Amino acid sequence: YCREHGITVVNAPGCNAGSVMQYVASGLFTLLQKDHLSLTGKQIGIVGVGNVGSRIEKLARNLGMEPLLNDPPRERSEGSAGFISLQRLLQESDIVTLHVPLTLQGNDPTFHLIGREELRLMQPGTLLINTARGEVIDPVALEASIKEHRSPQAVLDVWENEPRIDHALLQHARIATPHIAGYSADGKANATRMILSALAGFFGFPFSSFSLQMPPPPTTPVIRLSGKGKDPLVIAAEAVLHTYDVLSDDARLRDLPGNFEHQRAHYPLRREFSAYRVLPDRDALPALPLLNALGFTVITG
């Protein structure tokens, strides 16, 4: 319609990819600590490997995980090397994370992409993370699968019929949040820059990139890390959870599930990893490559 009527449409793709990556990292490290699990060597299935999914792939590799990739549009344009079918991904993954748009038609419709049959393919105890769109998962099938103790454990940031979310499914989710995975201040600033650039280009205004004055992090901007007797992943987990504890958002939603939109509109300040500096002691030095890869500024010496 817009093309036919001479209306230019732009968006800000990838502006909040870092924020979603931070959300996924916080969720993974939270469950690692609660369940005393190891991420090293785990297979993580990434469904949709675009701006966000690519960041999750990089995160996974840095955490010592093996990414399994499913992205039919990319596979058609780039070839099948590196991509696998959704069915195989669901069967082989310890963790499945969704990063697809909501599409109802075309070659790759994603409405209820994960339904009863797909859930049956998952291994018992699989972790399913959805930060894409609620309608990508059939909520009735998901709730039934969880109740039957088959699979999966669910980390849900998005819900079908938002803001009127399924309260029963909320109770069954391991982590539940009100569609805020991409809500960091950094992501919003990125979107602002991209929108202004697009406006300037459309109207022919001169435009050069600029730096917004960002608010300081809500928690101490310098993170002191002690590594004595700790695995590098545990050290990294402390830094990640210092920047963002996903359970704080989980608690607010569980306390007031009917307050979904208010929680989104009045979301607390969150800054991404790049806004923080880490100061490791000598024992924490083995974690430096991981901390650098995550985007922290490391202070040494």
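Cut-offs used in this document
Residues numbered from 1 in each chain as written. Predicted model: local features only at pLDDT ≥ 70, side-chain atom pairs only at ≥ 80, totals over all residues. Heavy atoms only, no water. Phe/Tyr/Trp six-rings, centres within 6.5 Å; stacked < 30°, edge-to-face > 60°. Helix = DSSP H or I, 4+ residues; strand = E, 2+ residues; numbered from the N terminus. Buried < 20%, exposed > 50% of the residue type's maximum accessible area, 1.4 Å probe, protein only. Lys NZ or Arg CZ within 6 Å of the ring centre and 35° of its normal. Expected span 1.5 Å × (residues − 1). Arc of directions from axis to C-beta. Contact = heavy atoms within 4.5 Å. Pairing = 2+ DSSP bridges. Axes fitted to C-alpha atoms, helices over the stretch in contact; angles between N-to-C directions.

Colleague: Is there a simple way to think about the packing of aromatic side chains in this case?
Modeller: Each aromatic ring pair is described using two quantities: the centre-to-centre distance and the angle formed by the ring planes. Inspection of every chain in the model, using the stated rule, returns five aromatic pairs. Measuring from ring centre to ring centre gives 5.9 Å for Y183 and Y267, while their planes differ by 75°; the resulting arrangement is edge-to-face. Here Y183, found in the loop between β6 (175-176) and α8 (185-203), pairs with Y267, found in the loop between α11 (260-265) and β8 (277-280); they are 84 residues apart in sequence, far enough to count as distant. For Y183, a relative accessible area of 23% translates into the label partly exposed. Connected via pairs of aromatic rings, a cluster forms that spans F202, F203 and F205. Its end group placed over the ring of Y183, K188 keeps NZ or CZ at 4.8 Å from the ring centre.

Colleague: What am I meant to see in helix α2 (residues 51-62) here?
Modeller: The α-helix winds at 3.6 residues per turn, so residues separated by three or four positions along the chain end up facing the same way. Look at α2: 17 Å from first C-alpha to last across 12 residues, which is about the 16 Å you get at 1.5 Å a residue. The complete set of buried residues in α2 reads V52, G53, I56, E57, L59 and A60. For α2, the buried positions fall inside an angular range of 165° around the axis, keeping them on one side. Of the surrounding elements, those touching the buried residues of α2 are α1 (17-35), β1 (43-47), β2 (66-70), β3 (95-98) and α12 (288-294). One or two steps after α2, the chain reaches G64, where phi turns positive at roughly 80°.

Colleague: Whenever I open this one, the sheet that holds β8 confuses me. Can you help?
Modeller: Across a sheet, paired strands are connected by hydrogen bonds in the backbone, their directions being either parallel or antiparallel. Strand order in the open sheet made by the three strands is β7-β8-β9, with parallel pairing throughout. Taken across any chain shown, the strands that pair with only one partner, and hence form the sheet edges, are β7 (222-225) and β9 (297-298). Across the sheet, helix α9 (residues 232-243) touches β7 and β8, and the angle it forms with β7 is around 155°.

Geometric values such as these leave the question of function open.
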